[in-house]
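# Coordinate analysis (summary)
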Amino acid sequence: MTGIVNYGAGNIFSLTAALERLNLEYGMINSESDFDLYERIIIPGVGHAGAAMKKLIDTGLVPKIKSLTKPVLGICVGMQLITDFSEEGNSEMLGIIPVKTLKFKEDISKKVPHMGWNQIFVQNENLLFAGIADETYFYFVHSYYIEFNSKFTISYCNYGTKFSASIKKNNFYGVQFHPEKSGEAGEKLLQNFAHLKI
Amino acid sequence: MQSPFRGLGGLAKRIIPCLDVKDGRTVKGVNFVDLRDAGDPVELAWQYSQQGADELVFLDITATHEKRKTTIEMVKSVARQINIPFTIGGGISELKDAEALLNAGADKISINSAAVRRPQLINELADAFGVQFVVLAVDTKNLPNGDFVHLNGGRIATELQTQHWIKEAEERGTGEILLTSMDKDGTKSGFDNILLKQINEMVSVPVIASGGAGSSQDFIDVFQKTNIDAALAASVFHYGEILIPELKALLKNNQIEIRI
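Predicted, not measured: the structure shown is a model, and the values here were computed from it.

## Re the UniProt feature "active site" (unreviewed entry) in chain A
Taking the UniProt record as the reference, the feature "active site" (unreviewed entry) is found at A:C76, A:H178 and A:E180. The named residues occupy 105 residues along the chain; their greatest pairwise C-alpha distance, 11.0 Å, places them in one compact cluster. For A:H178, the position within the fold is in the loop between β13 (172-175) and α5 (183-194). For A:H178, a relative accessible area of 7% corresponds to the buried category. Beyond its immediate sequence surroundings of up to four residues, A:H178 is in contact with A:V46, A:I75, A:C76, A:Y139 and A:V141. Discounting residues that sit within four places of it in the chain, A:E180 has contacts with A:S14, A:L15, A:A18, A:R21, A:I75, A:L190 and B:N83.

## A short note on the interface of chain A and chain B
Counting residues at the interface gives 32 residues for chain A and 40 residues for chain B. On the chain A side of the interface with chain B, the three residues burying the most area are A:K111, A:M115 and A:W117, jointly 26% of the side's total. There are 2 salt bridges connecting chain A and chain B. Seen at the junction of chain A and chain B, the total is 15 residue pairs in polar contact (both at pLDDT 80 or more). Elements represented by at least two residues in the side of chain A that touches chain B include exactly α1 (13-21), β8 (114-122), β9 (136-142), β11 (153-159) and α5 of chain A. Counting residues per element, the side of chain A that touches chain B draws most heavily on β8(A), which supplies 6 residues. In terms of residue class, the side of chain A that touches chain B is built from 11 nonpolar, 12 polar and 9 charged.

## Focus on helix α2 (residues 49-59) of chain A
All names here are of chain A. Among the residues of α2, A49, G50, A52, M53 and L56 are the ones counted as buried. Down the axis of α2, the smallest arc covering the buried residues is 160°, so these residues share one side. Away from its buried face by more than 90 degrees, α2 exposes K54 and D58. Its buried side turned inward, α2 meets β1 (2-5), α3 (62-66), α4 (77-81), β5 (85-86) and β6 (91-92).

## Describing the pairing of β1(A)
Residues and elements named next belong to chain A. Across the two faces of β1 the burial is the same, with T2 and I4 and G3 and V5 all buried. Here β1 pairs with strand β3 (residues 40-43) via 3 bridges, running parallel. Within the sheet, the bridge partner assigned to T2 lies in β3 and is R40. Handedness of the β1-α1-strand β2 (residues 26-29) crossover: right-handed.

## Things to note about the packing of aromatic side chains
With the rule as written, the count across this model stands at 17 aromatic pairs over all chains. Arranged with centres 5.6 Å apart and planes meeting at 85°, the rings of A:F104 and A:F163 form a pair that is edge-to-face. Remark: A:F163 occurs in strand β12 (residues 161-169) and A:F104 occurs in the loop between β7 (100-103) and β8; sequence separation between them is 59 residues. The two residues A:F104 and A:F163 agree in class, both being buried. Three or more aromatic residues link up through ring pairs in this structure, and these residues are A:F104, A:F129, A:F138, A:F140, A:Y145, A:Y159, A:F163 and A:F177. Its guanidinium or amino end placed over the ring of A:W117, B:R259 lies 3.6 Å from that ring's centre, counting from NZ or CZ.

## What to know about unusual backbone geometry
All names here are of chain A. A cis amide bond links V112 with the next residue in sequence, P113, at an omega value of 10°. By the secondary structure assignment, P113 is in the loop between β7 and β8. Here the phi dihedral of N90 falls at roughly 40°; this positive angle occurs in a residue that is not glycine. Here N90 shows up in the loop between β5 and β6. With phi around 50°, N170 is a residue other than glycine that occupies positive phi space. Inspection of the secondary structure assignment puts N170 in the loop between β12 and β13. Classification of N170 as exposed rests on a relative accessible area of 56%.

Thresholds, definitions, all that
- Residues numbered from 1 in each chain as written.
- Chains lettered and ligands numbered in written order.
- Predicted model: local features only at pLDDT ≥ 70, side-chain atom pairs only at ≥ 80, totals over all residues.
- Heavy atoms only, no water.
- UniProt positions renumbered as here; feature names shortened; annotations may be inferred.
- Helix = DSSP H or I, 4+ residues; strand = E, 2+ residues; numbered from the N terminus.
- Buried < 20%, exposed > 50% of the residue type's maximum accessible area, 1.4 Å probe, protein only.
- Contact = heavy atoms within 4.5 Å.
- Buried area = accessible area lost by both parts, 1.4 Å probe.
- Salt bridge = Lys/Arg side-chain N within 4 Å of Asp/Glu carboxyl O.
- Polar contact = N/O pair within 3.5 Å; in protein donor to acceptor, adjacent residues only side chain to side chain.
- Nonpolar A, V, L, I, M, F, W, Y, C, P; charged D, E, K, R; others polar.
- Arc of directions from axis to C-beta.
- Pairing = 2+ DSSP bridges.
- Right-handed = clockwise from strand over helix to strand, strands pointing away.
- Phe/Tyr/Trp six-rings, centres within 6.5 Å; stacked < 30°, edge-to-face > 60°.
- Lys NZ or Arg CZ within 6 Å of the ring centre and 35° of its normal.

Here it is as structure tokens:
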């Protein structure tokens with residue numbers, strides 16, 4: 001069963017709806033002891049990374065999250081939270097994966113937000129992307145991106161610059177796109193995560 | 001092959017069917033085979049997602065405040081059953097309207113006349129929910145002295161110059177522009193490529209073309225001539241005059257970056 005960290009950063013209706021469609025059981029994590037109820041954890045998030053980080057700190061769950069050894073998946077801003085730092089509000093993040101979240105530079109040929117379906121390329125083989133081919137389209141909507149890192153990037157995407165579509169360190173995973181909005185490919189990824197074991 | 005018409009770095013051009021809904025039911029006629037209930041927005045949305053639509057727009061023309069609860073229920077049903085993003089527009093004038101739609105699972109909201117009446121609404125929505133949540137819908141008509149924003153489906157003229165309004169809205173925090181040419185809407189004579197190209201080159205947020213789609217060639221033209229981010233249409237999809245899988249294959253054959 002999957003636990004979703006409930007810290008008030010954005011709407012999670014679409015995420016829980018996707019899990020329900022896939023018959024994947026889930027529950028909400030509101031306190032430290034709730035983490036023990038679940039085999040894997042999702043950190044959702046939309047909106048401002050700095051503001052999301054403040055909300056997460058306010059829950060008092062940060063030390064517990066950092067100490068987790070179960071599979072953890074950060075989605076969108078939830079992924080940015082597990083990095084070191086975000087240029088959005090120049091905020092310190094959780095520092096779980098040593099990469100930075102940077103702002104896309106705007107120009108006329110490159111619209112920001114990066115919004116729509118873009119292709120991902122697997123950088124490091126991993127179970128999260130099992131059965132998902134290179135060049136598969138996922139749905140992105142974001143103005144900040146996580147820098148490419150040959151060690152921690154497990155799939156990348158190109159948008160003016162090559163950036164991390166997903167990252168991994170040990171049991172911590174993050175995806176910049178929205179699997180709950182990415183058609184069948186996104187559903188496959190959610191199923192893969194639900195079958196990860198540590 | 002590198003195409004000049006591809007989105008930057010593999011970002012696909014989006015094809016967006018638009019559904020008009022009233023009191024939680026679709027109102028424009030649809031001509032799909034295999035539909036149990038052509039008025040059910042969820043069933044239609046599902047059909048379109050299966051056909052490869054990249055995104056959906058629901059335009060809510062529900063008149064009364066009481067019946068907006070029905071809209072919220074519809075949005076929840078769509079979010080439960082559809083695995084692609086969708087926008088809901090129509091009658092949103094306050095933060096609490098937007099919040100209710102967000103919590104019901106809408107990915108974006110589109111605002112139109114309420115933003116014209118009170119531009120600060122754009123700032124408030126962007127601050128509260130992020131720019132990615134805020135789509136500005138603009139209905140524009142070409143008049144002898146320039147392009148002007150119109151309200152109520154083109155019936156009410158304003159003194160707002162379209163280009164000025166869009167620049168202002170971008171500065172205030174709209175994350176996307178949905179531009180409908182009232183001169184082209186319903187004509188099936190093609191998109192307003194001259195205006196769309198001008199607007200698309202003027203802003204750094206994504207722009208959705210709307211109004212005038214009559215044939216698949218119109219979609220090829222709008223992407224090739226304007227390099228716009230997305231194209232929206234209603235009746236040509238609802239009546240099966242253009243089938244999305246065939247349209248997308250054709251666009252791809254024309255070296256336009258498309259998600260198949």
